[in-house]
Amino acid sequence: MTFGFRPSSWLGPIQTRTHLPTLVTFVAVLVASFLAEKQNLTIHDQSLRASVQHEASLIATRLQGQLSADIQLVQGLVAVLSTEPDMSQARFSKLAEQVLGDHKEIRILAAAPDLIVSLLYPVKGNEAVFGLDYNKNEAQREAAYRVRDSGEMVLAGPVNLVQGGRGFICRFPIFVGTGSDRKFIGIFSAVIDVDALYAGTGVTDPELGIELALIGHDGKGVTGAQFHGDSSIVEDNPVLADISFPVGNWQLAARPLGGWSVQPANLWSLRFALLVAGTVILFPTILSGRLSAARRSAIRTLKRRERELETLSWRLKVALESSKMGVWDFEPDSGSLIWDQQMCDLSGYSGEPGSLGLDVWWKCLHPDDLKTSSQFFEGALRDGGHYSEDFRVLHPNGDVRHIRGVGVSFMDADGKKRMIGVNWDVTRDMELRDELMRTNEALQHQNIELFDGQQALEQAHAELQKQQAELHRLSLVAKHASDSIILTDADRKIVWVNDGFTRVTGYSLGEAIGSTPKELLVGPKSDPTVMEHIAAHLARGERYHTEVLNYKKSGEEIWISTHLVPIFDDEGQVELVLGIERDVTGSKTRQRELAEAKIAAELADRAKSEFLANMSHEIRTPMNGIIGMAGLLAESDLGADEKQYVETIQDSSDALLKIINDILDLSRLEAGQFEISSTAFDLRHCVDRSVDLLRPKASEKGISVDVHYADGLVDRVLGDDGRVRQILVNLIGNAVKFTSEGSVTINVGADRDDPYRLLIEIEDSGIGISPDQAEHIFDRFSQADAAITRAFGGTGLGLTISSALAKRMGGDITLRSELGEGCCFTLCLQMSPAESDGKDADMAVVSPATMLSESRILLAEDNRVNRLLIHKYLNDQPLELVEAVNGREAVTLCQTHAPDIVLMDMSMPELDGIAATREIRALDIEQPTIVALTANAFESDREACLAAGMDHFLSKPINKSHLIDTLATLQAERRLGLS
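Below, the structure is looked at part by part. The structure presented is a predicted model; accordingly, all values stated were derived computationally and were not measured.

Here's the deal with helix α24 (residues 864-873)
Residues of α24 that are buried: N866, R867, L869, I870 and Y873. An end-on view of α24 places all buried positions within 160° of arc, on one side of the element. The backbone nitrogen of V865 has a side-chain oxygen 3.0 Å away, supplied by the residue at the start of α24, namely N863.

This is how it looks when you write it as structure tokens:
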């Protein structure tokens, strides 16, 4: 029982059904007209969006293709840098110029090994970028670390460029090695000019018929900020297209110029047609309603006369029973609702009739009508008067019945508000009404279809003309594109090719149509695996990109980069395959040349290492004799002049040996074979020993050398004390060398936040260095000027090697100087906490005495001078010295003489030292302690000796005291069973 307001001024005729059909028809016409206009608007909007989608997709494809091509070019350069990490600027500029070609949108290329920019192209106008340290540059440090940590390319931008304009910055990690040896060495940056990119891909084309916006700053896709176009485009329900890159993506948003058109062009013509159709439908309906009203008026007159003949009670009973009306009575104050049996039957209520609660009625209502019915009922109670309402009830068995309720609200004799009404089943009437509405709608639909058909035909014709124009433009683009374009059917038979295909392969359109690309282009050297991958991807309807070796019509080999894109029909089946191909033969040739250049460089590096090893052996072997004999001569009783001669020989030999050691150290650093060994050592002892080596020279020149240690300085640290001494001797030696009067001061301290980050200052009062000279002071073979070289000597390698060693130990060397006022070198080294066992790394089992104990020594040495020298060194020791002139003899003497210690030369005839050691270790004898004697100074030589079974390693030239100390230590170890 639901009940709503009842405007008696115009619902009265409806209750008599006089104008009900007319009203229903009118409402139906209005609803149909509204739906037709809405559908017309939907079609207009879909057509407009499809057009914008097409243009936006073209722009997105161009952007993605252009950027992907640029990224691939830059990745090629990154691959070359991975194979040539030490590439020079000239080499880099040449490669960059060749690779970029006409890609003018790439403005700047920069390589930053160790995150410091050292390679740049073009150099002109960008000189300020050289030396940029990403570790110290807060603006770019985070992006650089993100590239390093992710191991992938990172796209940033667009950003404002210092040189003017805006650009995208692509940063690539540079790795060397493969597998577990793969190592990060720096980053490579490429700046792509925004304006050039937009102009080349049509984004800023003034003839473009749409407005564009780009979203995804820094390649973050929809989560990134908008960086191109009006922000209103994104808020105006735009067409969207994704632009994906190897890492990251953008989103393109588009709308028509001026925004979306809200009103279709045919709106008023459609409304006029709907008005005419509605008039045609309503006119007969009105006539039918008038005739129906006259008929009902006659029936009511007859019924009224009949009811006048019956008693009031009989009339009411007959009316209720014959019409199956249910009577209800509701008293709002008490909430009492009275139903008769017919009301219970109408509502599907199985309980007894009588006084019920209002909630019983609400439970019987259909859920969809509950809210409306309750509102009508409450309105009738509030406003009073008559009401009429149609609603539905839901029976327990699931039947739905349409009920019409009529009632009146009034005040009874007791002054209480009451509401009395009747309900009856109008399900059949509703079915008849629905049938009538469906019939009218069918007639109206037929008229609309005729009109829509005409409109659709006109629209299809206009769309066809537009598509033909678009196809003509696309065909011109495809025909004159520089790349080869192939269109094949589902069976891979060619249906069309452009002029670019003819230029690349030599086959004309007529020759290509009907054949497959495989039949035309595949030759004996084409990779069948690539063909199988192409077929498999296309069979799955997947895009595919690869490079394949093809053949021209003339038989000439060409490398092709092909992009294959399947095109699907309405049923999702592959209808056509679009192939876009580019001749990359030149690129392949360059790759092959680069690979060959890499092999040549590796061979040259190997030859260099072999040369240095041979040079080390050939120079150190005679140097061993010169230095050794000079030392022995110095120990003899000589006159003043002879002593001066010997000292001159020793000084010259030491200088020559230092030059050789510097060159070999530099070679080891360049080859990455320079090892840093971490051992625990006493810091003050290390510094003092380094200073003590140079105090005699300083005393000769009359200058003082002072050492100051900071308060709280740690005593023991973990690091390579030998390399620390090497750096200190070089820096302090330079200070002494270039100071004629005054002093040299060494201040040893540490970083305030890290006590193991050492800061050692070596300050002198010498000649000083100008700012221009200071810029190149750490370059190899570099000194302040030629006059200094003549005056003080030296190769200019000491500071180069010291700086490289400091960096290998996590630090650096810096210079502060003014010409004529001395220099201050600051050495920074990163050490670690030492073990707390109190032992030095150079742990000796015993303190060897000057005099050795009795033992048998086997000397295996092919050089007579070296045998003589060692014999002289050990002549005054209680040793039995047995000599062998080659490795084979050494093996034999080990079997016959059972030596305690073997001094084994590495380079001997018949059998070298390593091979002889292996054979000795295989003998069933008491194994001797084997010491390698070698002029080769590379770490790999030391490792080879130890791997062959040797116990110790002595480098030539051999110092007498060092030899005797080593033998004493070895004798002590053998006595304790440690060797």
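Still more to cover.
Side note on the packing of helix α25 (residues 887-897) against helix α26 (residues 913-922)
Direction vectors running N to C along α25 and α26 enclose 20°, while the axes themselves pass 9 Å from each other. Between α25 and α26, the interaxial angle falls into the category roughly parallel. Relative to α26, α25 is oriented so that their crossing is right-handed. Touching G887, R888, V891 and C894 of α25 are A916, E919 and I920, all from α26. Residue composition of the contact of α25 with α26, by class: 4 nonpolar, 1 polar and 2 charged.

What about the pairing of strand β5 (residues 183-193)?
Where a strand is regular, its side chains alternate between the two sheet faces. Counting buried residues along β5, 9 of its 11 residues qualify, which places the element largely inside the surrounding structure. Examined bridge by bridge, strand β1 (residues 106-113) and β5 share 7 bridges and lie antiparallel to one another. Its bridge partner lying in β5, A112 is registered against I187. With 10 bridges connecting them, strand β4 (residues 166-176) and β5 associate as antiparallel partners. Across the sheet, the residue bridging to F168 is I192, located in β5. Counted between consecutive antiparallel strands, the loop separating β4 from β5 contains 6 residues, among which G177 sits at a positive phi close to 80°.

Some remarks on the sheet that holds strand β9 (residues 249-256)
Strand order in the open sheet formed by 4 strands is β7-β6-β9-β8, with antiparallel pairing between adjacent strands. Only two strands of the sheet have a single neighbouring strand rather than two, namely β7 (226-228) and β8 (239-244). Averaged over all pairs of adjacent strands, the angle between strand axes in this sheet comes to 30°, irrespective of strand direction.

Focus: a nonpolar patch on the surface
Nonpolar side chains collect at one region of the surface, where L23, F26, V27, L30, V31, F34 and L35 lie side by side and expose about 640 Å² of accessible area between them. Its place among the elements puts V31 in helix α2 (residues 20-83). Overall, the relative accessible area of 44% leaves V31 in the partly exposed class.

Describing the packing of helix α19 (residues 683-701) against helix α20 (residues 721-737)
Direction vectors running N to C along α19 and α20 enclose 20°, while the axes themselves pass 9 Å from each other. Classified by the interaxial angle, the pair formed by α19 and α20 is roughly parallel. Seen from above, α19 lies across α20 with right-handed handedness. From α19, C686, V687, R689, S690, V691, L693, L694, K697, A698 and K701 reach across to α20, where they touch D721, V724, R725, L728, V729, I732, G733, V736 and K737. Along the lines of polarity and charge, the residues of the contact of α19 with α20 split into 11 nonpolar, 2 polar and 6 charged.

Quick look at the pairing of strand β10 (residues 326-331)
Of the strand pairs in this sheet, β10 and strand β15 (residues 417-425) are connected by 5 bridges, and their pairing is antiparallel. Looking at β15, one finds that D329 is bridged to I420. Pairing of β10 with strand β11 (residues 336-339), which is carried by 4 bridges, proceeds in the antiparallel orientation. Opposite W328, over in β11, you have W339 as the bridge partner. Hairpin connection from β10 to β11: 4 residues lie between these consecutive antiparallel strands, with G335 at a positive phi of about 75°.

Cut-offs used in this document
- Residues numbered from 1 in each chain as written.
- Predicted model: local features only at pLDDT ≥ 70, side-chain atom pairs only at ≥ 80, totals over all residues.
- Heavy atoms only, no water.
- Buried < 20%, exposed > 50% of the residue type's maximum accessible area, 1.4 Å probe, protein only.
- Helix = DSSP H or I, 4+ residues; strand = E, 2+ residues; numbered from the N terminus.
- Arc of directions from axis to C-beta.
- Polar contact = N/O pair within 3.5 Å; in protein donor to acceptor, adjacent residues only side chain to side chain.
- Axes fitted to C-alpha atoms, helices over the stretch in contact; angles between N-to-C directions.
- Parallel < 35°, antiparallel > 145°, perpendicular 65-115°, else oblique.
- Left-handed = near helix turned anticlockwise from the far one by under 90°.
- Contact = heavy atoms within 4.5 Å.
- Nonpolar A, V, L, I, M, F, W, Y, C, P; charged D, E, K, R; others polar.
- Pairing = 2+ DSSP bridges.
- Patch = residues over 30% accessible without salt bridge, like charges linked within 9 Å, V, L, I, M, F, W, Y side chains within 5 Å.
- Areas by Shrake-Rupley, 256 points an atom, 1.4 Å probe, with all protein chains shown as cover.
- Salt bridge = Lys/Arg side-chain N within 4 Å of Asp/Glu carboxyl O.

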